[in-house]
Amino acid sequence: ERSQIMFTFSHNHCGPRLGDDLIDYYPVDAEQEQLVAEYTDQMVERTVQLVGEALSKLAPANLCIGNGYTTFAVNRRNNREPDVPDLIAKGIPLVGPVDHNVPVLTVTRPDGKLEAVLFGYACHPTTLSFTTWCGDYPGFAQLEIESKHPGTTAMFVNTCGGDQNPLPRRQVELCEKYGHMLAVAVEDVLTEPLKPISSGLKTAFELVDLPYLNVVSREELTGLLADSNELKTRWAKRLLAKLDAGEEFSSAYPYPIHAWQLGREMLIIGMGAETVVDYALRFKAEFGAGTWVCGYADDMISYIPSRRVWEEGGYEGGSNLYEYGRPAFRWAGDIEDRISVVVQKLVNQVRQ
C-alpha cells in the first residue's frame, strides 16, 4: 500500500539531477536533458528491481534504536559561511536552532550478525559542490562504518537539515572529517546498550495541499524574460509556454507526509523536500523519545519553511520557489500549521 512505501534520499551537490527536478536551474542543452532522462529511467528500473530482490529475501531480524551526537551542522541562516572558521577558532559560540542528534537503528539477525545500520543527521550533505560523483559526508561515514563491520550495510537518512550546512566546507578533507565525526557518533551508539523495538508496524500516509501565496501571472512571467537572473528567465520562458499550450497552474502542491509506528518504541515521521530544522525539534518534543523526523522523503519540491522561517524570509522562507520550477514565488504563511495538523492526525492513527 502507498502508506508502506517511503523513499528518502540524501540531498547532494555532487550527484546527477533526476527527472524534472531543478529543471530550470541549469543551462543545459538537449543532449544533457536526454542523458538526465535516460539516467532517471535507469534509476527507476533498478530501484524496482532492488525492491523486488529485497522482498524475495525477507528473513527474521531484531531492530534496536539509540541516539548519538555530533556537532558539524551549522545553522546557515544565523551564521555567515565566511565567518564560521574565525568564530570556531576564537571559541565564539555559533547561534541559531540546530539538531545535533544522530539517530541510529540496527538490524541484527537471530545469530547475532549485524546486518545493517541506519543512521541520520540534520544537515545538508553539501560539503562539496564540484562536478565529480561523491556521496559527501554520509558516503564517507558509510564507508567507515562498513569497514569496521564487514558484511554490514550502512545507510543514511537525511533528517530536517534544510537550513543546516556543514561548515566550513568546500574541501575534500573537510568532507572526510565530517564523515568520520558522524561515523564515530554511530560507533559510540553501537558500543552502548540499545533499546529493542517490539514487534508490530502501523503506517499512515496523506498528501496535504500546500497553497502558494500567489500563483504567478502571465504579466509577471513576461516581465522576467529580460531579467538579469538567467534562472528566472528560463523559468518564465518554460511557464509561458505552458500557458500558451492552455495549461492552468495549480494554486497548491500535494505534499507527502508519512507516519510509521514500529512497535511501541519508534515513530518515524516522513516529510517531503527540504524541511528546516524547526520541524524536527517540534515533533520530537511533541511525540517523545524514539521519534525520527525525516525530511527529503518522496519528493524534492522546494524548501519547506516553518512559520518562524517564513516570517523571517530569506533563502529558505522567502520568494525562491521559482528555483524549483513551482508556478509561484512563495508558500502561503500557514504552511507549518497545515503540515502539523496532518502529522498529528497520522500519528494518532498509527498509535491507536
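Position labels on residues start from 1 in each chain and follow its written sequence. Residue-level local features of this predicted model are given only where pLDDT is at least 70; pairs of side-chain atoms are given and counted only at 80 or more, and the full residue set underlies all totals for whole chains, interfaces and linings. With hydrogens and water excluded, all non-hydrogen atoms of the structure serve as input to the side-chain values.

Trainee: What exactly am I supposed to notice about a nonpolar patch on the surface here?
Mentor: Note on patches: the residues involved have over 30% relative accessible area and no salt bridge, like charges join within 9 Å, and the nonpolar side chains Val, Leu, Ile, Met, Phe, Trp and Tyr join within 5 Å. Note that accessible areas follow from Shrake-Rupley with a 1.4 Å probe, and for residues the cover is restricted to the protein chains shown. Take a side-chain nitrogen of Lys or Arg and a carboxyl oxygen of Asp or Glu: if they are within 4 Å of each other, that pair is a salt bridge. Side chains of Tyr25, Tyr26, Val28 and Tyr315 sit close together on the surface and give an oily, nonpolar patch of about 340 Å² of accessible area. Within the secondary structure, Val28 is located in the segment before helix H1 (30-56). Labels follow the DSSP assignment, with helices taken as runs of H or I lasting at least four residues and strands as runs of E lasting at least two, numbered in each case from the N terminus.

Trainee: Any chance you could explain the sheet that holds strand E10 (residues 266-271) here in plain terms?
Mentor: Each strand in a sheet pairs with another by means of backbone hydrogen bonds, the pair being arranged parallel or else antiparallel. Strand pairing is assigned whenever DSSP detects at least two bridges linking the two strands. Pairing is mixed across the open sheet formed by 4 strands, whose spatial order is E8-E9-E10-E12. With partners counted over all chains shown, the strands left at the sheet margins are strand E8 (201-211) and strand E12 (291-294), one partner each. Neighbour-to-neighbour, the strand axes of the sheet open up by a mean angle of 15 degrees, direction not taken into account. Summarising the sheet, E8 and strand E9 (residues 252-262) pair through 11 bridges and their orientation is antiparallel. The residue bridging Ala204 from the neighbouring strand is Ala259, located in E9. Throughout, an axis means a line fitted to C-alpha atoms (over the contacting stretch in the case of helices), and angles, computed between N-to-C directions, take values from 0 to 180 degrees.

Trainee: So what exactly am I meant to see when it comes to the environment of Ala259 here?
Mentor: Residue position: Ala259 is located in strand E9. The exposure class assigned to Ala259 is buried, which follows from its relative accessible area of 1%. Sequence separation between Ala259 and Gln349 is 90 residues; the distance between their C-alpha atoms is 8.5 Å. With near-sequence residues (within four places) excluded, Ala259 lies in contact with Lys202, Thr203, Ala204, Ile268, Leu346, Val347 and Val350. Here the term buried applies to any residue with accessible area under 20% of the maximum for its type, exposed to any over 50%, and partly exposed to those in between, with areas from a 1.4 Å probe on protein chains only. Note on definitions: a residue-residue contact is assigned when non-hydrogen atoms from the two residues lie within 4.5 Å.

Trainee: Sorry, what's going on with helix H3 (residues 136-148) here?
Mentor: Two residues of an α-helix separated by three or four positions point the same way, owing to the 3.6 residues in each turn. Every helix has an expected span of 1.5 Å times one less than the residues it contains. Relative to the 18 Å expected for 13 residues at 1.5 Å per residue, H3 spans 19 Å between its end C-alpha atoms, a close match to the ideal helical length. Among all positions in H3, only Asp136, Tyr137, Pro138, Gly139, Ala141, Glu144 and Ile145 are buried. Of the surrounding elements, those touching the buried residues of H3 are strand E4 (114-121), strand E5 (153-158) and helix H4 (172-190).

Trainee: Would you take a moment to explain the layout of surface pockets for this structure?
Mentor: If you roll a probe as big as a water molecule over the atoms, it shows you where there is empty space left. Here a cavity denotes a set of grid points, spaced 1 Å apart and computed over the protein atoms alone, in which a 1.4 Å probe fits but from which it cannot get out, and a pocket denotes an open set meeting protein on both sides within 12 Å along at least five of seven lines; residues with an atom within 4 Å of a point are reported as lining. Grid points are joined across faces, edges and corners, and a volume is the space filled by probe spheres set on the points. In this structure, the second largest pocket occupies an estimated 310 Å³ of space. Thr71, Phe72, Val74, Ile88 and Leu94 are the residues nearest the centre of the second largest pocket, which is lined by 21 residues in total. For the lining of the second largest pocket, the elements supplying multiple residues, two or more each, are strand E2 (73-75), helix H2 (84-89) and H4. In terms of residues, the lining of the second largest pocket owes the most to one element, H4, which gives 4 residues. The residue makeup of the lining of the second largest pocket, split by class, is 15 nonpolar, 5 polar and 1 charged. Ten residues, namely Ala, Val, Leu, Ile, Met, Phe, Trp, Tyr, Cys and Pro, are considered nonpolar, four, namely Asp, Glu, Lys and Arg, are considered charged, and the remaining ones, Gly among them, are considered polar.

Trainee: What is the right way to read the packing of aromatic side chains from this model?
Mentor: Aromatic ring pairs are described here by two measures, namely the spacing of the ring centres and the angle between the planes. Two rings from Phe, Tyr or Trp (for Trp, the six-membered ring) form a pair when their centres are within 6.5 Å of each other. A pair whose planes differ by under 30 degrees is stacked, one over 60 is edge-to-face, and the rest are tilted. In the structure shown here, the tally under the stated rule is 17 aromatic pairs. Judged by centre distance (5.3 Å) and plane angle (65 degrees), the ring pair of Tyr303 and Tyr315 falls under edge-to-face. Of this pair, Tyr303 sits in strand E13 (residues 303-304) while Tyr315 sits in helix H9 (residues 314-317), placing them 12 residues apart in sequence. Taking relative accessible area as the criterion, Tyr303 reaches 8% and is therefore assigned buried. For Tyr315, a relative accessible area of 35% corresponds to the partly exposed category. Clustering of aromatic rings is evident, with ring pairs tying together Phe72, Phe119, Tyr121, Tyr137, Phe156 and Tyr178. Here, a charge over a ring means that NZ of Lys or CZ of Arg falls within 6 Å of the ring centre while also lying within 35 degrees of the ring normal. The ring of Phe205 carries the charged tip of Arg2 above its face, separated from the ring centre by 4.2 Å.

Trainee: Would you take a moment to explain unusual backbone geometry for this structure?
Mentor: Here Leu167 and Pro168 are connected by a cis peptide whose omega angle stands at -5 degrees. Of note, Pro168 is situated in the loop between strand E6 (164-166) and H4. Here the phi dihedral of Tyr296 falls at roughly 55 degrees; this positive angle occurs in a residue that is not glycine. Topologically, Tyr296 is positioned in the loop between E12 and E13. Using a relative accessible area of 0% as the deciding quantity, one classes Tyr296 as buried.

Trainee: Would you mind going over the packing of helix H7 (residues 277-287) against helix H10 (residues 335-350) with me for this structure?
Mentor: Between H7 and H10, the least distance of the axes is 12 Å, while the angle of their chain directions is 35 degrees. In terms of crossing hand, the pair formed by H7 and H10 is right-handed. In this structure, H7 contributes Tyr279, Arg282, Phe283, Glu286 and Phe287 to the contact, and H10 contributes Ile335, Glu336, Ile339, Ser340, Val343, Gln344 and Val347. Of the residues in the contact of H7 with H10, the class split is 7 nonpolar, 2 polar and 3 charged. For any helix crossing, the convention is left-handed if the near helix is rotated counterclockwise from the far helix by under a right angle, and right-handed if that rotation is clockwise.

Trainee: For this particular structure, what's the right way to read the environment of Gly263?
Mentor: Turning to its location among the elements, Gly263 is positioned in the loop between E9 and E10. Using a relative accessible area of 13% as the deciding quantity, one classes Gly263 as buried. Along the primary structure Gly263 and Leu63 are separated by 200 residues, whereas in three dimensions their C-alpha atoms are 9.8 Å apart. The contacts of Gly263, once residues within four sequence positions are left out, are Ile197, Ser198, Ser199 and Gly200.

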